[in-house]
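Results of the structural survey
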Amino acid sequence: MTSVERLYKNFGVLADAKDQATQHEAEYLEILSAVKGENNVKRLAAQFIPRFFKYFPSLSEKSLDAQLDLCEDEDSSIRRQAIKELPNLCKTNNDHLIRISDVLTQLLQTEDPSELSVVTTALIALFKINAMGTLNGLFSQILQGEEAVRECAIKFLSSKLPLELLTKEAEEFLLLETKKVLTDVTRDEFVTFMHILASLQSLQTVSGRQQLVDLVVEQAELSKPFQADDSTCVDRLMDCVRQAMPLFSRNVQSTKFVAYVCVAVLPCLTAVTSSVEERDVKLEVLKLLAEMSPYCGDVDSTCLANLYTCLLEYMPVPPAEVENEENGSLQPGEPQLQFSYVECLMFAFHQIARKGTDFLTAEENADRLKDFRTRLQYFARGLQVYIKQLRLSLQGKTGEELKTTENKIKVVALRTTSNINVLIKDLFHNPPSYKSVVGLSWKPTTKPSSDTEGTKRAGSATSVQETVPTKRMAVRPKHNERSLYHPPGGKYSERVGRAPTDANQWGFGQRRGGWRGRGQGLGRGQY
């Protein structure tokens, strides 16, 4: 059995020979045999094998197997040393890089923190040598490896991927392999890969972001019928929209998503279900539609008609007769004004209808415009009452008092009603106008952007306006006309926060395809 002294002697012979080391194959073979020796011998072998690996190409397979045996040794210090030296096998020849990357990817599942750090460092060292080859090894395990290894490989890509080392060709390869992975992913994996792709330099262009949106469109399965009673289908659509939202701009449009929601979702909105009981999924759908609408291109008449019809469902016509007008009490059967829903729908309509103004102004649509103006007028009256109540409720509140849950809801409610007030004022013009810009009430308040309208998300807070949309709405009724109706109170959803982001609350955490066969133990990689 090879001793430490013998190993050092062989090392000296090979080191002194330099470029003539190929003439001393026997000494190198003795170093290879040391992987079966004692721990101190193995530790030296782990360093010596990579040192002279390049001089013996005919022994490359045997050398690599010997080094990998050390990577599986029972002694953790020997494993760490062997793993640390793996990248050195690729410094002069990349023939084995993919295989070594594959093996290192499998080693990511170690539970030893210090060993995991060495594995991670070794993988990054491989990226410095050949990024595309290293990615090849990683994706071979993501696509074909065991579940535990797959998860570790994806985690490495999401947290340790050295973006600065990726060439354009490597980024293209990463995109290509990711497309293969996305045919069979969980919700978490999909989100992770979208974040990875969005960080690539080559995808920061308009065409690059369009590619990302196309990937999300495919994942959302917009070609399939919408199943309102299937929470998995609903959750998948909503989550895909959220992933695509940061990518939308004037040049990367949301048209496909907006059209799908208007045509397939809005007609059955009341039947939409969620996997989370306390979640107002209908409001969440409408919020997403509103956020997408500024980036929507031209849509067909069916899309705008469905959106208009859905808006009317939350904008009642004035009742013909109202009793107890003096005390302003609500009468049985009087509708509640759903301000949260109306803000979403009216904002979306305001954005999309500007591209099809004939929808309201065409001569054949005169009755439609008349009915719409009547509803706007009625809704505006109730709106003014509610805005006044909110203002009085918040008046004089200190900064600390405004931080309470109740007052936070009222502040957002005031933004909601103020937004609707501005939009009604615009739409009540003759002809309807689409010039006003409002910031959606649930979005963070920011300064208005100087960019062209539609390029950036509207985030500016809408100033509260108490002006009635038109003076006609304030004119007192003439003799023999029905008395002015005192509008019903408003209803504001208390679910003012964002949708849940916990992966366990989303439906498409289940794989659509069958799992591939899994091998057992540490493989030797594919090459």
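Note that the structure is a prediction, hence the values are computed from the model and not measured.

Let us look at the overall build of the chain. Helix and strand counts for the chain stand at 20 helices and two strands. Across the 527 residues in the chain, those meeting the buried criterion constitute 50%. Sequence separation of 24 or more characterises 76% of the internal contacts of the chain that already satisfy a separation of 6 or more. When the accessible surface of the chain is split by element, carbon and sulfur atoms take 48% of a total near 25500 Å².

A rise of 1.5 Å per residue sets the reference length of helix H20 (residues 405-427), with its 23 residues, at 33 Å; its end C-alpha atoms lie 33 Å apart and thus fit the reference within 8%. The element H20 is largely enclosed, with a buried count of 17 among its 23 residues.

As for its position among the elements, Ser114 is in helix H7 (residues 113-129). Its relative accessible area of 34% is what places Ser114 among the partly exposed residues. Counting along the chain gives 38 residues from Ser114 to Ser76, while the straight-line C-alpha distance between them is 9.3 Å. Among the polar contacts made by the side chain of Ser114, one reaches the side chain of Asp112 at a distance of 2.8 Å.

Note that Phe193 resides in helix H11 (residues 187-198). Note on Phe193: relative accessible area 0%, which makes it buried. Through-space distance from the C-alpha of Phe193 to that of Ile154 is 8.1 Å; in sequence the pair is 39 residues apart.

Put simply, Asn430 and Pro431 share a cis peptide bond, and its omega is 0°. Position of Pro431 relative to the elements: it lies in the loop between H20 and strand S2 (490-491). A positive phi is found at Lys18, a non-glycine position, where the angle reads about 55°. If you trace the backbone, Lys18 turns up in the loop between helix H1 (4-17) and helix H2 (25-33). By relative accessible area, Lys18 is classed as exposed at 58%. At Glu221, a position not held by glycine, the phi torsion is positive, near 60°.

Take the pattern of salt bridges next. Applying the stated criterion to the full structure yields 18 salt bridges. Lys180 serves as the salt-bridge partner of Glu177, at 3.0 Å between the closest nitrogen and oxygen. Of this pair, Glu177 and Lys180 both sit in helix H10 (residues 168-181), three residues apart, roughly one helical turn. Classification of Glu177 as buried rests on a relative accessible area of 8%. The salt bridge partner of Glu221 is Arg236, with a shortest N-O separation of 3.4 Å.

A few words now on the nonpolar core. Leu104, Leu135, Leu157, Phe257, Met346, Phe349 and Phe372 are the most contacted members of the largest nonpolar core, which has 154 residues in total. No other element matches helix H17 (residues 339-353), which puts 11 residues into this core. When neighbours within four sequence positions are excluded, Phe349 is seen to be in contact with Leu304, Leu307, Tyr308, Leu311, Phe359, Leu360, Phe372 and Leu427.

Looking now at the packing of aromatic side chains. Geometrically, a pair of aromatic rings is defined through the distance of the ring centres and the angle of the planes. All told, the structure shown has 17 aromatic pairs when counted by the stated rule. In textbook terms, an aromatic cluster arises when at least three aromatic residues are bridged by ring pairs, as seen for Tyr8, Phe11, Phe48 and Phe52. For the cation-ring pair, Arg368 lies above Phe359, with the distance from its terminal atom to the ring centre recorded as 3.9 Å. Sitting above the plane of the Phe428 ring, Arg373 keeps its charged end 4.1 Å from the centroid.

Okay, the packing of helix H14 (residues 255-265) against helix H15 (residues 281-292) next. Between H14 and H15, the least distance of the axes is 9 Å, while the angle of their chain directions is 140°. Crossing hand, H14 versus H15: left-handed. Contact residues: H14 offers Phe257, Val258, Val261, Cys262 and Val265, while H15 offers Val285, Leu289 and Met292. Tallied by class, the residues present in the contact of H14 with H15 amount to eight nonpolar, no polar and no charged.

With 12 residues, H11 extends 17 Å from end C-alpha to end C-alpha; this agrees with the ideal 16 Å at 1.5 Å per step. Inspection of H11 places Arg187, Glu189, Phe190, Val191, Phe193, Met194, Ile196 and Leu197 among the buried residues, and these make up the whole buried set. On the buried face of H11, the contacting elements are helix H8 (131-144), helix H9 (147-160), H10, helix H12 (206-220) and helix H13 (231-244).

So, on to the confidence of the model for the chain. With 81% of its residues at a pLDDT of at least 70, the chain reaches an overall mean of 84. Below pLDDT 50 for its whole length, residues 448-489 participates in 102 contacts with residues either more than four positions away or in separate chains.

Counting across every chain of the model gives zero disulfides. A disulfide-free cysteine, Cys262 has its sulfur positioned 3.4 Å from the sulfur of Cys303, the nearest such atom. Between Cys296, a free cysteine, and Cys303, which holds the nearest cysteine sulfur, the sulfur-to-sulfur gap is 6.1 Å. Classification of Cys296 as buried rests on a relative accessible area of 3%.

Rules behind the numbers
Residues numbered from 1 in each chain as written. Predicted model: local features only at pLDDT ≥ 70, side-chain atom pairs only at ≥ 80, totals over all residues. Heavy atoms only, no water. Helix = DSSP H or I, 4+ residues; strand = E, 2+ residues; numbered from the N terminus. Buried < 20%, exposed > 50% of the residue type's maximum accessible area, 1.4 Å probe, protein only. Contact = heavy atoms within 4.5 Å. Areas by Shrake-Rupley, 256 points an atom, 1.4 Å probe, with all protein chains shown as cover. Expected span 1.5 Å × (residues − 1). Polar contact = N/O pair within 3.5 Å; in protein donor to acceptor, adjacent residues only side chain to side chain. Salt bridge = Lys/Arg side-chain N within 4 Å of Asp/Glu carboxyl O. Core = buried A, V, L, I, M, F, W, Y, C linked by side-chain atoms within 4.5 Å. Phe/Tyr/Trp six-rings, centres within 6.5 Å; stacked < 30°, edge-to-face > 60°. Lys NZ or Arg CZ within 6 Å of the ring centre and 35° of its normal. Axes fitted to C-alpha atoms, helices over the stretch in contact; angles between N-to-C directions. Left-handed = near helix turned anticlockwise from the far one by under 90°. Nonpolar A, V, L, I, M, F, W, Y, C, P; charged D, E, K, R; others polar. pLDDT = per-residue confidence, 0-100. Disulfide = S-S within 2.5 Å.

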